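Next come the chains, spelled out residue by residue.
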Amino acid sequence: MGSRASTLLREEEIEEIKKETGFSHSQITRLYSRFTSLDKGENGTLSREDFQRIPELAINPLGDRIINAFFPEGEDQVNFRGFMRTLAHFRPIEDNEKNKDPNSEPLNSRTNKLLFAFRLYDLDRDDKISRDELLQVLRMMVGVNISDEQLGSIADRTIQEADQNGDNSISFNEFIKVLEKVDVEQKMSIRFLH
Amino acid sequence: MEENWDVAFTFFKIWFSAMVGLIMLPAMFGVSLGITEVYMKVLVKTLEWATLRLQRGRGEQQILKQSLSSGIIQRGDGSMEQEIGDLRRSRPKPQVGGDFTLSDVFYFNRKGIESIVEDQVTQRFTSEELVSWNLLTRTNNNFHYISLRLTIMWGMGVVIRYCLLAPLRITLATIGLTWLVIGTSLVGLLPSSRAKDWLSELVHLMCYRICARGLSATIHYHNKENRPTKGGLCVANHTSPIDIVILANDGCYAMVGQVHGGLMGVIQRSMVRSCPHIWFERSEMKDRHLVTQRLKDHVADKTKLPILIFPEGTCINNTSVMMFKKGSFEIGGTIFPVAIKYDPQFGDAFWNSAKYNMVSYLLRMMTSWAIVCNVWYLPPMSQEEGEDAVQFANRVKSAIAHQGGLVDLSWDGGLKRAKVKGTYKEQQQKMYSNMVVGDDSSD
């Protein structure tokens, strides 16, 4: 008569997720119970609809882009492992993690956090933010409130500021450079309770 | 063979007369023999002991339990202005054109991820989490290790709940409901008179008291001086259909609702014969004007029973109060707010209608330990000058939330089934646009 949640989530699985994502045992079990409550189809995976059912996410101007980040290209289901891998980007960076072996970069490193933000803009996943992509994302955020013309000039200026090689788009390296003064570690983190 | 039947028959007779003598009759006249009190005392002691055992068994996991009740994450609570302003601090404001930085998405992103991990709305539609295990298997999701003594205790609990309490409760509820149908139908045959009203109230009260015993309900009423009076409108937060039984134990109400089929339909049809409840056909329900008019007529007649309305329109899990639909507040008349809060330790009263139908929900209730709840009658409220129905509804809602110790949410309970309206997203976009181009230059 153990708990239902623990019989479905095996101890080995928890260990693997722990190693991969850095979440603690109790965080994993709590997030698993959240995962199962979102999983209305009760098939162990989440679909886009499962995410869209969260009202606060549905009213988020970038809600669809954020949901998209949970799904590997071409797939429309995400399992608990994948769910946790994406969430791991938003773990705060702890002191003992800073000087780790650079070969195995943790999911919640500054670079990975930035890459996640970069991909919110990079609609076609070609590792470049074109003017068109920037415009589309801007439009999602402002809705109908700002004219095409004004939005266009905002996009132009933003690309100009970031673009270094003159290809009229922003690469990931250029993206990092522009945001080098921003406190990414804190702003792209969520305070998970232990 | 004959003998066996005799034994069974005698046993049945004793069982039945004990039930009638010890439970039914006292229930009908609203007196208590103190059996429930003793049961509750034993129960509280047992659960306290179980909690102690659990804690001793895993002292090191104390922290987990504490954070369980407070959630998975600590959410940022800054406004959009503050947070984006913070993000933009690292770069100067441009001279011309709109103000935008690539890091603005961090704000939306964090809000989005936070809502995926933990949100205000969807978790209100699932059973609330307990701070300590109450020895029911169904709530055992977060409590893993259990000692031998606890297991024995749990086993005894199962036997008592399923073999003793459940049959007793089912019999009582059946008798209560049958009596309700027969009694109200009989009273309905009488001509309209004060005697009829009096009898009708008596029958209703008796049935609800028997039903309450059938759920082993221990109800604490507070501030009885504020009880709804005739011609008033009683407004309460909604956790389950049992709310009606709970409130009707302490006074009669005219119910408002949709006509159901099946068992509910039979009960509804007989109830309306003896006392003016307001049932609507499904098709009529859509006609808001008609609904309001019928309610107005009822309230205008000061001899009629107070109307009971659950303005949330859906069951919430006993942790919060969600948006009150403004319709009930457009009727006029005095509003009598009532806060109902169940004690989750003895059984989860929330009806998760997406998961359980009415009958299996009631069976779950009858195999729980007991229903313990507090009912607070709040001082009557009426609409103030210059206040529209929505503001008034919100004021009443806050009062109920505050009194019941519930979280006051502005989200619509209808989100349980429907999708969120696009206008809320537009509001967010508007707010952000103002940060990009400034309030005045958007035209």
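About the thresholds
- Residues numbered from 1 in each chain as written.
- Chains lettered and ligands numbered in written order.
- Predicted model: local features only at pLDDT ≥ 70, side-chain atom pairs only at ≥ 80, totals over all residues.
- Heavy atoms only, no water.
- UniProt positions renumbered as here; feature names shortened; annotations may be inferred.
- Salt bridge = Lys/Arg side-chain N within 4 Å of Asp/Glu carboxyl O.
- Helix = DSSP H or I, 4+ residues; strand = E, 2+ residues; numbered from the N terminus.
- Buried < 20%, exposed > 50% of the residue type's maximum accessible area, 1.4 Å probe, protein only.
- Patch = residues over 30% accessible without salt bridge, like charges linked within 9 Å, V, L, I, M, F, W, Y side chains within 5 Å.
- Areas by Shrake-Rupley, 256 points an atom, 1.4 Å probe, with all protein chains shown as cover.
- Contact = heavy atoms within 4.5 Å.
- Polar contact = N/O pair within 3.5 Å; in protein donor to acceptor, adjacent residues only side chain to side chain.
- Buried area = accessible area lost by both parts, 1.4 Å probe.
- pLDDT = per-residue confidence, 0-100.
- Core = buried A, V, L, I, M, F, W, Y, C linked by side-chain atoms within 4.5 Å.
- Axes fitted to C-alpha atoms, helices over the stretch in contact; angles between N-to-C directions.
- Nonpolar A, V, L, I, M, F, W, Y, C, P; charged D, E, K, R; others polar.
- Expected span 1.5 Å × (residues − 1).
- Bend = angle between axes of the 7 residues up to and from the residue.
- Parallel < 35°, antiparallel > 145°, perpendicular 65-115°, else oblique.
- Phe/Tyr/Trp six-rings, centres within 6.5 Å; stacked < 30°, edge-to-face > 60°.
- Lys NZ or Arg CZ within 6 Å of the ring centre and 35° of its normal.

Under an unreviewed UniProt entry, the name given to chain B is Phospholipid/glycerol acyltransferase domain-containing protein, and the source organism is Aldrovandia affinis. What the UniProt record of chain B gives under Subcellular location (unreviewed entry) is the line "Endoplasmic reticulum membrane". According to the UniProt record, the Sequence similarities (unreviewed entry) comment for chain B is "Belongs to the 1-acyl-sn-glycerol-3-phosphate acyltransferase family."

An unreviewed UniProt entry annotates chain A as EF-hand domain-containing protein of Aldrovandia affinis. In its Sequence similarities (unreviewed entry) section, the UniProt record describing chain A reads: "Belongs to the calcineurin regulatory subunit family. CHP subfamily."

All right, on to the pattern of salt bridges then. Residues and elements named next belong to chain A. Counted by the stated rule, this structure contains 26 salt bridges over all chains. When the shortest N-O distance is used, the salt bridge between Arg81 and Glu16 registers 3.0 Å. Linking Arg81 in helix H7 (residues 80-88) with Glu16 in helix H2 (residues 11-21), this pair joins segments that are 65 residues apart in sequence. Owing to a relative accessible area of 41%, Glu16 belongs among the partly exposed residues under this scheme. Among the salt bridges present, the one from Glu180 reaches Lys177, with a minimum N-O distance of 3.3 Å. A relative accessible area of 43% places Lys177 in the partly exposed class.

So, on to a nonpolar patch on the surface. A grouping of Leu22, Leu33 and Ile35 of chain B is seen on the molecular surface, where their side chains present a nonpolar patch of about 290 Å² in accessible area. In this structure, Ile35 of chain B sits in helix H2 (residues 35-57).

Residues and elements named next belong to chain B. Assignment of secondary structure puts Tyr356 in the loop between strand E8 (335-342) and helix H12 (358-366). Residue class for Tyr356 comes out partly exposed when judged on its relative accessible area of 23%. Considering only alpha carbons, one finds Tyr356 and Gly231, 125 residues apart in sequence, at a separation of 35 Å. What Tyr356 contacts, discounting residues up to four positions off in sequence, is Trp351, Tyr361 and Arg364. In terms of polar contacts, Tyr356 uses its side chain to reach the side chain of Arg364, at 3.2 Å.

Further remarks concern the interface of chain B and chain A. You'll often see interface size given as the accessible area lost when the parts meet. Every contact between the two is made by 61 residues of chain B and, on the other side, 63 residues of chain A. Buried surface at the junction of chain B and chain A, both sides included, amounts to about 5600 Å², of which 67% is carbon and sulfur. Interface area lost by chain B to chain A is led by Leu102, Phe106 and Ile116 of chain B, which between them contribute 14%. The interface formed by chain B and chain A includes two salt bridges. Its salt-bridge partner being Lys187 of chain A, residue Asp86 of chain B comes within 2.7 Å of it at the nearest N-O pair. Taken together, the links from chain B to chain A amount to 14 residue pairs in polar contact (both at pLDDT 80 or more). Residue assignment for the side of chain B that touches chain A shows that the elements contributing at least two residues are helix H3 (62-70), strand E1 (73-74), helix H4 (80-88), helix H5 (105-117), helix H6 (148-189) and helix H14 (422-437) of chain B. Ranked by the residues each element gives to the side of chain B that touches chain A, the list is headed by H5 of chain B, at twelve residues.

Of all residues in chain A, 92% have pLDDT values of 70 or greater, and the mean over the chain is 89. Confidence drops under pLDDT 50 across residues 1-7 of chain A; counting only partners more than four residues distant or on other chains, this segment forms 13 contacts.

Here the focus is the nonpolar core. With 71 residues, the main nonpolar core has Phe51, Phe83 and Phe175 of chain A together with Phe106 of chain B as its most contacted residues. Non-local contacts of Phe106 of chain B, meaning those with residues more than four positions away in its chain, are made with Leu114, Ala117, Leu179, Val182, Val184, Lys187 and Met188 of chain A together with Leu87 of chain B. Among the nonpolar cores identified, the runner-up in size contains 40 residues, and Val245, Ile340, Met366 and Ile371 of chain B belong to it.

Our next topic: the packing of helix H9 (residues 131-142) of chain A against H14 of chain B. In contact at an axis separation of 7 Å, H9 of chain A and H14 of chain B are set at 115° when each is read in the N-to-C sense. Contacts between H9 of chain A and H14 of chain B involve Arg139, Met140, Met141 and Val142 of chain A from the first element and Gln429, Tyr432, Ser433 and Val436 of chain B from the second. Classifying every residue of the contact of H9 of chain A with H14 of chain B gives five nonpolar, two polar and one charged.

Over its 42 residues, H6 of chain B extends 60 Å from the first C-alpha to the last, a length consistent with the 62 Å expected when each residue adds 1.5 Å. The sharpest bend along H6 of chain B reaches about 40° and sits at Leu165 of chain B, with the proline Pro167 of chain B one to four residues further on.

When the UniProt feature table is mapped onto this chain numbering, "domain: Phospholipid/glycerol acyltransferase" (unreviewed entry) sits at residues 232-343 of chain B. From the first C-alpha to the last, residues 232-343 of chain B spans 28 Å; its make-up is 33% helix and 22% strand.

Right, let's get into the UniProt feature "domain: EF-hand" (unreviewed entry) in chain A. On the UniProt side, "domain: EF-hand" (unreviewed entry) is annotated at positions that read residues 26-61, 109-144 and 150-185 of chain A here. Along residues 109-144 of chain A the backbone is 67% helical and 8% strand, and the end-to-end C-alpha distance reaches 36 Å.

Another point: the packing of H6 of chain B against helix H7 (residues 194-214) of chain B. All names here are of chain B. It is at 7 Å that the axes of H6 and H7 come closest, and there the two elements cross at 170°. Between H6 and H7, the crossing angle belongs to the class labelled roughly antiparallel. Here Arg169, Leu172, Gly176, Leu177, Trp179, Leu180, Gly183, Thr184, Val187 and Gly188 of H6 lie close against H7, whose contacting residues are Lys196, Leu199, Ser200, Val203, His204, Met206, Cys207, Ile210, Cys211, Arg213 and Gly214. Each residue belonging to the contact of H6 with H7 can be placed in one class, and the counts come to eleven nonpolar, seven polar and three charged.

So, on to the UniProt feature "transmembrane region" (unreviewed entry) in chain B. Residues and elements named next belong to chain B. Those residues carrying the UniProt feature "transmembrane region" (unreviewed entry) are residues 12-35, 146-164 and 170-190 in this numbering. Across residues 12-35, the secondary structure splits into 75% helix and 0% strand, with the terminal C-alpha atoms separated by 21 Å. Along residues 170-190 the backbone is 95% helical and 0% strand, and the end-to-end C-alpha distance reaches 31 Å.

This part takes up the side chain of Asn68 of chain A. Residues and elements named next belong to chain A. Structurally, Asn68 can be placed in helix H6 (residues 63-69). The class of Asn68 is buried, set by a relative accessible area of 18%. When near neighbours in sequence (up to four residues on either side) are disregarded, Asn68 contacts Arg48 and Arg125.

With that settled, consider H7 of chain A. Buried residues dominate H7 of chain A, accounting for seven of its nine residues. Residues of H7 of chain A that are buried include every one of Phe80, Gly82, Phe83, Met84, Thr86, Leu87 and Ala88 of chain A, and no others.

We now examine the packing of aromatic side chains. Residue and element names in this part refer to chain A. By the definition in use, this model includes 22 aromatic pairs over all chains. Centre to centre, the rings of Phe35 and Phe80 are 5.3 Å apart; their planes meet at 65°, and the pair counts as edge-to-face. One end of the pair, Phe35, is in helix H3 (residues 25-38); the other, Phe80, is in helix H7, with 45 residues separating them in the sequence. By the burial criterion, Phe35 is buried, and Phe80 matches it. Taken together, the aromatic side chains of Tyr32, Phe35, Phe51, Phe70, Phe71, Phe80 and Phe83 make up a single cluster linked through ring pairs. Positioned over the ring face of Phe71 is Arg48, at 4.4 Å from the centre of the ring.

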